[in-house]
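Architecture and fold: a report
Listed below, chain by chain, are the residues.
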Amino acid sequence: MSTVDVAHPIHKTFTGLDNRKVAIWAFIGSECLFFASLIGTYLVYKGRSVVGPFPHEEWTSPSGQHFEQIFEIPLVTFGTGVLLFSSFFVVMALAGAQHGNRKMMIGWLSATIVAGLFFIGMQVYEFTHFAHKGLGFTTNLFGSSFYTLTGFHGTHVTIGIIWLTTVLVLAVRGKIPPEKALNLELAALYWHFVDVVWIVIFPVVYLMR
Amino acid sequence: MEDTIHKTTLTREGPWPSVVKYIKVAVVLFALTALEVLAYEIVDEGAPAALAAAIEPVLVAILLVLSAAKFVLVGAFYMHLKQDSVFFSSLFVFPIAVAGMLVAVLIVLFSYMNSLY
């Protein structure tokens, strides 16, 4: 006699796995290749800019205009820490959802969204600051590859914030009972993926000279 | 019967980590990030001089190892790949392997092209 999973009776596949979870993992797999192409492009163009400003060195143009180094490591380190902790926040929210602790789920989910918003705020400030320092999208190879890579990551963070906010609204309305915790788990998996991409981008872009 | 076969081949069915484990992982992730930035700052500031000279040639390797450790920790414990189905792990690990090869091939190709001109 076979057993029936009451929580997800219509989503099981022949593998015995939930098809929504298979779908999000397949999507995350495809996203790995997307970001690999962007990181690869950044690496092959690294150090090949003919004109400044440069990420780690000061530069004076032939016309005598002086440019400071672009990166500010303390700010981006703080943003990285916040994004890392947001991954912890979302697993705590998921634990709350699975144990039927609505207060815990809503609290940690709100903290995750706030952390994500802080990271995006940091990135907006960083981009604005870099533009004031003379680094535009078409200034040099560094500018083009840097803004493309980190901009796409920031877009993914923004999409993650929107997704988590919709889950938060459902949670507040009491529509995420323990048997529907998978709805939060799928959003959490996407959020963790966004985090692991930044785990690669941070040292490759900001710390490697 | 069929269900049983799929369960034994595709799922690990292990219990998910406890809250204490999540906290421990968060602390380790924070510590590894601090080590990354510390290694960069020592080389950037050149102080202490002896340590900076020792770290500089291996800075990239240090950063890659620390980054990989953080990646594995988040994947294994926060994304629950250590406890979840092997099928999900393969859906994640195979594209990462292809992605790694893609980046390596791009670097080799462009290095070769640049050596020609």
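Note that this is a predicted model, so its numbers are computed, not measured. Starting afresh in each chain, residues are numbered from 1 along the sequence in its written order. Whichever chain is written first is A, and whichever ligand is written first is 1; the rest continue in order. Owing to the predicted nature of the model, reporting of local features is limited to residues with pLDDT of at least 70; listing and counting of side-chain atom pairs is limited to 80 or more, with chain, interface and lining totals taken over all residues.

1. A look at the overall build of chain B
- Comment: elements are numbered from the N terminus, with helices defined as DSSP H or I runs of at least four residues and strands as E runs of at least two. Tallying secondary structure elements over chain B gives five helices and zero strands in all.
- Sequence-ordered secondary structure for chain B, helices as α and strands as β, is α-α-α-α-α.
- A buried classification covers 26% of the 117 residues belonging to chain B.
- In chain B, of all internal contacts separated by at least 6 residues, the share reaching a separation of at least 24 is 60%. The burial label depends on the number of other C-beta atoms within 10 Å of a residue's C-beta. Counts of 20 or more mean buried, 12 or fewer mean exposed, and intermediate counts mean partly exposed, with C-beta atoms placed from the backbone. We call two residues in contact when the distance between their C-beta atoms, placed using the backbone, is within 7 Å.

2. Thoughts on the nonpolar core
- To form a nonpolar core, buried Ala, Val, Leu, Ile, Met, Phe, Trp, Tyr and Cys residues must be joined through C-beta atoms within 7 Å. With 77 residues, the main nonpolar core has A:Ala93, A:Leu109 and A:Leu184 as its most contacted residues.
- At the level of elements, α1 (19–45), α2 (73–98), α3 (102–132), α4 (141–172) and α5 (182–207) of chain A together with α2 (19–45), α4 (59–78) and α5 (86–116) of chain B are the ones that each hand at least two residues to this core.
- For this core, the leading source of residues is α5(A), giving 19 residues.

3. Overview of α5(A)
- Taking 1.5 Å of rise per residue, the 26 residues of α5(A) would be expected to cover 38 Å, and the 37 Å separating its terminal C-alpha atoms lies within 8% of that figure.
- The reported bend at a residue is simply the angle between two axes, fitted to the 7 residues ending at it and to the 7 residues beginning with it. At A:Ile201, α5(A) shows its largest kink, close to 30°, and the proline A:Pro203 lies no more than four residues downstream. To estimate how far a helix should extend, the number of its residues minus one is multiplied by 1.5 Å.

4. A short note on the interface of chain B and chain A
- With 38 residues of chain B at the contact, the number on the chain A side is 37 residues.
- When residues of the side of chain B that touches chain A are traced back to their parent elements, those giving at least two are α1 (2–10), α2, α4 and α5 of chain B.
- Take the side of chain B that touches chain A: its biggest share by element is 14 residues, from α5(B).

5. Observations concerning the confidence of the model for chain B
Residue and element names in this part refer to chain B.
- Looking at chain B as a whole, the pLDDT averages 86, with 89% of positions reaching at least 70.
- Values of pLDDT, the confidence the predictor places in each residue, fall between 0 and 100. Model confidence for chain B, summarised as mean pLDDT per element, is weakest for α1 at 43 and strongest for α4 at 95.
- A low-confidence stretch, residues 1–9 stays under pLDDT 50, and its non-local contacts, those more than four residues away or across chains, total five contacts.
- Interface predicted TM-score (ipTM) for the complex: 0.86; the corresponding pTM is 0.89.

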